[in-house]
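Structural characterization, general
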Amino acid sequence: MAESIIIRVQSPDGVKRITATKRETAAAFLKKVAKEFGFQNNGFSVYVNRNKTGEITASSNKSLNLLKIKHGDLLFLFPSNLPGPSSEMETSTSMNLKAPNVVEDEIDQYLSRQDGKIYRSRDPQLCRHGPLGKCVHCVPLEPFDEDYLNHLEPPVKHMSFHAYIRKLTGGADKGKFVALENISCKIKSGCEGHLPWPNGICTKCQPSAITLNRQKYRHVDNIMFENHTVADRFLDFWRKTGNQHFGYLYGRYTEHKDIPLGIRAEVAAIYEPPQIGTQNSLELLEDPKAEVVDEIAAKLGLRKVGWIFTDLVSEDTRKGTVRYSRNKDTYFLSAEECITAGDFQNKHPNMCRLSPDGHFGSKFVTAVATGGPDNQVHFEGYQVSNQCMALVRDECLLPCKDAPELGYAKESSSEQYAPDVFYKDIDKFGNEITQLARPLPVEYLIIDITTTFPKDPVYTFSISQNPFPIENRDVLGETQDFHSLATYLSQNTSAMFLDIISDFHLLLFLVTNEVMPLQDSISLLLEAVRTRNEELAQTWKKSEQWATIEQLCSTVGVQLPGLQEYGAVGGSSHATTAAMWACEHCTFMNQPGTGHCEMCSLPRT
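Only a predicted model underlies this, so the values are computations on that prediction, with no experimental measurement involved.

Looking now at the overall build of the protein. Helix and strand counts for the protein stand at 17 helices and 27 strands. Computed over its C-alpha atoms, the radius of gyration of the protein comes to 32 Å, more than 25% above the 25 Å expected for a compact globule of 605 residues. Based on the C-alpha atoms only, the size of the protein along its principal axes is roughly 115 × 65 × 65 Å. Taken over 605 residues, the protein has a buried fraction of 43%. Long-range contacts, defined here as pairs at least 24 residues apart, represent 65% of the contacts in the protein between residues at least 6 apart. As presented, the protein carries roughly 32,500 Å² of accessible surface, and 49% of it is formed by carbon and sulfur atoms. Between the mean site of the 62 positive side-chain charges and the mean site of the 75 negative ones, the protein shows a separation of 11 Å.

Here it is in structure tokens:
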């Protein structure tokens, strides 16, 4: 009897041992491998080397002894549906082959093409070479150089995300083994070697324990409001009611040139969804207009870049000061706010070609309007780390009821397995110790972002002395209806129609009002506002839709200036339509001379 040998075969699912003989043919051996791993005969390939060289073909003429396969050798199995790169391709762009075909944001595509290096001029004291030479004192620095970032004013604690990618993909291997994998806190599905949780678990399907680390990079490096008016109008709600308020930030992502390969979130408008606010709480209500708002913002060249909320308590109403409550002695973000931020970031992932999932992290930011050290209103920006996003996504993080600065890592139960979460701390003797995250200081989850206003304000939308009311402010008596629209149009008599109509909240009202929604006929106007094109705006102003809007405004008792001019058709037609009357019950426009509504048959008065 031929001497039996054991050959190890490694696959993406683990290592298995195959019993064979030296005289066994390669074809017979591969059949044993297929049976052991549950593959079809042509559903995999076996190689001698890890880099996919030395493939073992299904030959009936070559024995294992002839192929120089000995007892205890390790072979490598690759399924056919997971083809690996050849050695030549692997040395160049293997990291691109790991990622799915995803479309990154425009700012990410732009920054990936930039050099990113920090160029320095020749030092007259230290440099001893000519003007064309370089030395250690003037050679360009990499964008992730920590010493350079620490010496900026103010110092930068977190490198930009694209600088972090350059750090990973630099060096001799050019990022050949780089893969930005998202953390998972759930049991892997498909493990058939045991009963499902809670009756069984193994190291193959069990998620790894998590040790929290302060994230060294951030996806957004700066939040900038285009002008003070955007923020002031949002704060007006708190000034008038004393209740806290919430809003979504709409804007765009641009390059932040103060930090190498940095990204800035520019805020052009704040949308305020339905909510219930008190002096110390906020409750978000279901928003039926959320999808429409996102569509209108996209046509205006904007997107949802973050969320903002107030945490303001008046300290002295005569001086106009507010309480300084968020600081190093209390907290910057509460655990509940971190969980909310993590949920928003999970809903708005950052598309990334280096991740096998096609996304990694998020560029969705959190802004807080709160009291500063000078007892004035300050805006602070934050994000939560990718580890926090994973804990929130898999429902492993809870807030503490009586300590807002502490979170709590959920314990495993019969319904859910939760991995252990740890963090590192320094004890009273100066030693680094590992603590179980029950409870958990939330500063391990927070990334701070500078929030600024520009020296030269930018205006995506026009600013008016008598602005159009903001949505969902009925509690203040500020409603969006045709009476408020007529009042707005009568008080703004600019010769430029584009300046009058360029109001984010007005455009949303035109699209979402229940009397005459213009969702299907407003694309031309949105394009005019996006491109600041007065001719396109004038073209839309002559449409029948705008003429109808003006007639509806005239029925509420407010006379609009230049009504004859704003119409879509000639003057004689305007004289006819001006005599038409709107039913007070159903708003139908009736012909002059009739005493009853043609639609609902109710009397005119």
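For helix α5 (residues 161-169), the complete set of buried residues consists of F161, H162, A163, I165, R166 and T169. Trailing α5 by a residue or two, G171 shows a phi angle of about 85°, which is positive.

It is worth spelling out the domain arrangement of the protein at this point. Segmenting the protein into domains produces domain 1 (4-79), domain 2 (214-413 + 441-452) and domain 3 (474-556). Put simply, the middle of domain 1 and the middle of domain 3, counted by C-alpha atoms, are 72 Å apart.

Let us now look at the pattern of salt bridges. For side chains of opposite charge, pairing can occur when their charged atoms come near one another. Under the counting rule described, the total for this entry stands at 24 salt bridges. In this structure, the salt-bridge partner of E24 is K32, at a minimum N-O distance of 2.8 Å. Notably, a salt bridge pairs D394 with R393, separated by 3.4 Å at the nearest N-O pair. With relative accessibility at 36%, the residue R393 sits in the partly exposed group. One connected set of salt bridges, linked through shared partners, spans D105, D108, R303 and K363.

Before going further, it helps to spend a moment on the sheet that holds strand β1 (residues 4-11). The mixed open sheet is built from four strands, whose spatial order is β2-β1-β4-β3. Two strands in the sheet have a free side with no partner beyond their single neighbour: β2 (14-21) and β3 (44-47). Taking each pair of neighbouring strands and ignoring which way they run, the sheet shows an average axis angle of 30°. Taken together, the four bridges between β3 and strand β4 (residues 74-79) define a ladder with antiparallel strand orientation. Of the residues in β4, the one forming a bridge with Y47 is F76.

The next thing to look at is the packing of aromatic side chains. The full count for this structure, using the stated rule, is 23 aromatic pairs. Each ring, one from Y47 and one from F78, has its centre 5.8 Å from the other, and the planes form 65°; the classification is edge-to-face. Taken together, the residues span a long stretch of sequence, with Y47 in strand β3 and F78 in strand β4 at a distance of 31 residues. With a centroid separation of 5.3 Å and an interplanar angle of 20°, the aromatic rings of F225 and F453 are classed as stacked. With F225 in strand β8 (residues 222-225) and F453 in the loop between β25 (446-452) and α10 (482-491), the pair connects residues that are 228 residues apart, well separated along the chain. Judged by its relative accessible area of 26%, F453 is partly exposed. Members of the aromatic cluster, connected to one another through ring pairs, are F246, Y248, W307, F309, F344 and F364. Note that R214 overlies the ring of Y444, its terminal NZ or CZ placed 4.4 Å from the centroid. Between K304 and the ring centre of Y248, over which it is positioned, the NZ or CZ distance is 4.2 Å.

Time to look at the environment of C185. Locating C185 in the fold gives a position in the loop between α5 and β6 (210-212). Separated by 25 residues in the primary sequence, C185 and I210 place their C-alpha atoms 8.7 Å from one another. Setting aside residues up to four positions removed in sequence, C185 forms contacts with P207, I210, A390, L391, D394, C396, Y417 and P419.

On to the sheet that holds strand β23 (residues 432-436), then. One key point about sheets: their strands pair by backbone hydrogen bonds, in either a parallel or an antiparallel sense. Taken in spatial order, the three strands of this open sheet run β6-β22-β23, and their pairing is mixed. Of all strands in the sheet, those with a lone pairing partner are β6 and β23, marking the two edges. Across the sheet, the mean angle from the axis of one strand to that of its neighbour is 35°, orientation sign disregarded. Pairing of β6 with strand β22 (residues 421-426) involves three bridges; the strand directions are parallel. Paired with L212 across the bridge in β22 is Y423.

On to the environment of C352, then. Here C352 lies in the loop between β16 (349-351) and β17 (359-362). Between the C-alpha atom of C352 and that of V102, which follows or precedes it by 250 residues, the distance is 7.1 Å. Every residue in contact with C352, bar those within four places of it in the chain, is listed here: V102, E104, F161, L180, G358, H359 and F360.

As defined by bridge partners, β1 adjoins β2 across eight bridges and the pair is classed as antiparallel. Note that in β2 the partner of I6 across the bridge is T19. What sits between β1 and β2 in their antiparallel hairpin is a turn of two residues.

This part is about the packing of helix α8 (residues 335-347) against helix α9 (residues 386-393). What describes two packed helices is the angle between their axes and the distance between those same axes. At a minimum axis distance of 8 Å, the contact between α8 and α9 shows a crossing angle of 90°. Taken together, the axes of α8 and α9 are roughly perpendicular relative to one another. Residues C338, I339, G342, D343, Q345 and N346 of α8 form the contact with α9, whose participating residues are C388, M389, V392 and R393. A per-class count over the contact of α8 with α9 returns five nonpolar, three polar and two charged.

Now for the side chain of D311. Within the fold, D311 resides in strand β13 (residues 303-311). Beyond its immediate chain neighbours, meaning those up to four positions away, D311 contacts Q244, S325, R326, A369, T370 and G371.

Time to look at the packing of α10 against helix α12 (residues 504-512). Where α10 meets α12, the axes come as close as 12 Å, and the angle between the chain directions of the two elements is 140°. Classified by the angle between their axes, α10 and α12 sit oblique to one another. Crossing of α10 against α12: the hand is left-handed. In contact with F482, L485 and Y488 of α10, α12 contributes L506, F509 and L510.

Time to look at the state of the cysteines. Counted according to the given criterion, the structure contains zero disulfides. Looking at the unpaired C205, the closest cysteine sulfur is the one in C202, lying at 3.6 Å.

Rules used in this analysis
- Residues numbered from 1 in each chain as written.
- Predicted model: local features only at pLDDT ≥ 70, side-chain atom pairs only at ≥ 80, totals over all residues.
- Heavy atoms only, no water.
- Helix = DSSP H or I, 4+ residues; strand = E, 2+ residues; numbered from the N terminus.
- Rg over C-alpha atoms; globule rule 2.2 N^0.38 Å.
- Buried < 20%, exposed > 50% of the residue type's maximum accessible area, 1.4 Å probe, protein only.
- Contact = heavy atoms within 4.5 Å.
- Areas by Shrake-Rupley, 256 points an atom, 1.4 Å probe, with all protein chains shown as cover.
- Lys, Arg positive; Asp, Glu negative; His and termini not counted.
- Charge placed at Lys NZ, Arg CZ, Asp CG, Glu CD.
- Domains from an automatic or database assignment.
- Salt bridge = Lys/Arg side-chain N within 4 Å of Asp/Glu carboxyl O.
- Pairing = 2+ DSSP bridges.
- Axes fitted to C-alpha atoms, helices over the stretch in contact; angles between N-to-C directions.
- Phe/Tyr/Trp six-rings, centres within 6.5 Å; stacked < 30°, edge-to-face > 60°.
- Lys NZ or Arg CZ within 6 Å of the ring centre and 35° of its normal.
- Parallel < 35°, antiparallel > 145°, perpendicular 65-115°, else oblique.
- Nonpolar A, V, L, I, M, F, W, Y, C, P; charged D, E, K, R; others polar.
- Left-handed = near helix turned anticlockwise from the far one by under 90°.
- Disulfide = S-S within 2.5 Å.

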